[in-house]
Amino acid sequence: MSVAPAKALRTFALNGEGVQCAFAPNKTLLEVLREDLGLTGTKHGCEMGHCGACCVLIDDRPVLACLVLAIEVNDRPIRTVEGLAKDGRLHPVQEAFAQCGAAQCGYCTPGFLMTAAAIVEQNNRLGEADIRAAIAGNLCRCTGYTKIIEAIALASDRMHEAQPGG
Ligand code: FES
Ligand code: FES
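Please read all numbers here as calculations on a predicted model, not as lab measurements. (Residues numbered from 1 in each chain as written. Chains lettered and ligands numbered in written order. Predicted model: local features only at pLDDT ≥ 70, side-chain atom pairs only at ≥ 80, totals over all residues.)

**Q** It is not clear to me how the sheet that holds strand β4 (residues 61-64) should be interpreted in this structure. Could you clarify?
**A** What holds strands together in a sheet is hydrogen bonding between their backbones, with the strands either parallel or antiparallel. Read from one edge of the open sheet, five strands run β2-β1-β5-β3-β4, paired in mixed fashion. Lying at the two open borders of the sheet, with one neighbouring strand each, are β2 (17-23) and β4. Neighbour-to-neighbour, the strand axes of the sheet open up by a mean angle of 45°, direction not taken into account. Pairing of strand β3 (residues 55-58) with strand β5 (residues 77-79) involves two bridges; the strand directions are antiparallel. From the neighbouring strand, Ile58 faces β5, where its bridge partner is Ile78. (Pairing = 2+ DSSP bridges. Helix = DSSP H or I, 4+ residues; strand = E, 2+ residues; numbered from the N terminus. Axes fitted to C-alpha atoms, helices over the stretch in contact; angles between N-to-C directions.)

Encoded structure:
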């Protein structure tokens, strides 16, 4: 008779809410988000840290969820693509991606959106070189990146146009 492994119990600060979850202790954050918490916006890609499809924010910094054990994420705020829109309004990066046509198949889009949200929130107006450097770890097989870069630049301009020094 096989014995099921003991589960780990953790409370995550997920998209602004405390969420308790029991999961197999060897699971990655990507697996727990998708399989145990039902948040399938974060995508499985390579699961080796090469594609960026699984990008989420921990402490508002981009992290590859396929490389992090969920059990190690203690009391640190996690943001996923499901939490980007607030009070019924899309995040500026979501609006800009839609406006610029920056998604085709869309599989890479959640990862790009999370990387983009982090960089536009934490920096003043971004130039193309800044954006290219920031998204170097996110791969897209469809768009050729031009519209993605345009969209992130547009979101950055909009977020900072009204701010002194922005
Ligand atoms: S699935 Fe995590 S980097 Fe590819
Ligand atoms: S839009 Fe298809 S992989 Fe990026």
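**Q** It is not clear to me how the pairing of β3 should be interpreted in this structure. Could you clarify?
**A** Side-chain positions along a regular strand alternate between the two faces of the sheet. With four bridges joining them, β3 and β4 adopt antiparallel strand pairing. Pairing of Leu57 across the sheet is with Pro62, part of β4. With antiparallel pairing between neighbouring strands as the criterion, β3 and β4 make up a hairpin whose turn holds two residues, including Asp59 at a positive phi of roughly 55°.

**Q** Would you take a moment to explain the domain arrangement of the protein chain for this structure?
**A** How big an interface is tends to be stated in terms of accessible area lost as the parts join. With domains assigned, the protein chain is organised as domain 1 (8-83) and domain 2 (92-160). The centre of domain 1, based on its C-alpha atoms, is set 21 Å off from the matching centre of domain 2. Across the contact, 14 residues belong to domain 1 and 13 residues belong to domain 2. Those elements giving two or more residues to the side of domain 1 that touches domain 2 turn out to be β3 and β4. When residues in the side of domain 1 that touches domain 2 are grouped by element, the largest group, three residues, is from β3. Broken down by class, the residue content of the side of domain 1 that touches domain 2 amounts to eight nonpolar, three polar and three charged. (Domains from an automatic or database assignment. Contact = placed C-beta atoms within 7 Å. Nonpolar A, V, L, I, M, F, W, Y, C, P; charged D, E, K, R; others polar.)

**Q** Mind showing me how you'd approach helix α1 (residues 29-36) here?
**A** Residues separated by three or four positions in an α-helix point in the same direction, a consequence of the helix having 3.6 residues per turn. A large share of α1 lies buried, amounting to six of its eight residues. Buried within α1 are the following residues: Leu29, Leu30, Glu31, Val32, Leu33 and Arg34. The inward-facing, buried residues of α1 contact β2. (Buried ≥ 20, exposed ≤ 12 C-beta atoms within 10 Å, placed from the backbone.)

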